[in-house]
Amino acid sequence: ARTDIAGEIRALDNFSLEVAPGEWIAIMGPSGSGKSTLMHCMAGLDRPSSGQVFVGEMELGRLDDTGLTQMRRDRIGFVFQSYHLIPTLTAEENVLLPMELSGQDSGGRARARELLDRVGLSGRFDHYPVQLSGGEQQRVALARALAPDPAILVADEPTGNLDEATGKQIVDLLFTKHAERGMTLVLVTHDASLAQRCDRVVRLRSGRIDAQAAEHDAAS
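Residues numbered from 1 in each chain as written. Predicted model: local features only at pLDDT ≥ 70, side-chain atom pairs only at ≥ 80, totals over all residues. Heavy atoms only, no water.

1. Remarks on helix 2 (residues 65–75)
Then, in step 1: Among all positions of helix 2, only G67, L68 and M71 are buried. Taken down its axis, helix 2 places every buried residue within 100 degrees of arc, on the same side.
Then, in step 2: Where helix 2 is buried, its residues contact strand 4 (54–55), strand 5 (58–59) and strand 6 (76–79).
Then, in step 3: Sitting at the head of helix 2, D64 places a side-chain oxygen 3.2 Å from the backbone nitrogen of T66. (Buried < 20%, exposed > 50% of the residue type's maximum accessible area, 1.4 Å probe, protein only. Helix = DSSP H or I, 4+ residues; strand = E, 2+ residues; numbered from the N terminus. Arc of directions from axis to C-beta. Contact = heavy atoms within 4.5 Å. Polar contact = N/O pair within 3.5 Å; in protein donor to acceptor, adjacent residues only side chain to side chain.)

Structure representation (structure tokens):
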């Protein structure tokens with residue numbers, strides 16, 4: 001929960017969710033239902049005011065800022081809806097950065113170019129974010145998140161700014177990574193066709209899991 005002038009706002013309230021290793025979860029719900037807060041708590045970007053968040057056996061509340069940074073660097077890839085690319089680095093350098101920070105120097109350049117090629121940006125290696133469209137920046141952000149080969153990928157609307165053909169290419173890449181490594185995926189999406197390809201859909205409403213929607217999905 002967090003507090004503002006109007007009083008306490010519970011972005012997530014009495015909320016419990018377990019994601020199994022290798023599982024694919026789609027998070028859906030209307031604006032303001034708590035989706036982004038959930039994603040940020042799961043990735044250790046926000047700390048809940050109460051309760052616990054575990055990644056495996058690791059309780060994130062026990063980690064200081066350095067420990068959280070190391071955990072994200074070593075285990076979690078995050079795709080932000082607003083990209084968060086470093087403007088002074090090229091597309092290739094943005095993708096290289098997490099590998100360099102984690103000490104994966106060997107073959108990093110080749111891997112960065114391979115990932116950029118797989119998201120359809122083979123001709124954009126040397127372009128800076130300002131020279132790329134919104135959809136192209138989103139694809140660089142996805143390549144960057146996949147670069148260190150994370151066990152868990154948390155993605156906020158990964159196909160939200162892409163045309164249908166490119167969106168399908170990105171989804172196919174995600175499923176390929178899952179088949180190759182058994183990567184766990186938690187994604188926020190409004191794309192019903194993408195959600196249907198996941199193992200489970202979790203629908204939020206007012207900071208809680210929508211039990212009625214879950215019963216409807218199970219009946220379907």
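2. A short note on the packing of helix 5 (residues 134–146) against helix 6 (residues 164–181)
Then, in step 1: For the pair helix 5 and helix 6, the least separation of the axes is 12 Å and the interaxial angle reads 5 degrees. Judged by the inter-axis angle, helix 5 sits roughly parallel to helix 6. Taken together, the residues of helix 6 that come into contact with helix 5 (itself represented by R139, L142 and L146) are T166, I170, L173, L174 and K177.
Then, in step 2: Taken together, the residues of the contact of helix 5 with helix 6 break down into five nonpolar, one polar and two charged. (Axes fitted to C-alpha atoms, helices over the stretch in contact; angles between N-to-C directions. Parallel < 35°, antiparallel > 145°, perpendicular 65-115°, else oblique. Nonpolar A, V, L, I, M, F, W, Y, C, P; charged D, E, K, R; others polar.)

3. Section: the environment of A151
Then, in step 1: Within the secondary structure, A151 is located in the loop between helix 5 and strand 7 (152–156).
Then, in step 2: C-alpha of A151 to C-alpha of L85: the two residues are 66 residues apart in sequence and 21 Å apart in space.
Then, in step 3: Those residues in contact with A151, other than ones at most four positions away along the chain, are R75, R181, M183 and T184.

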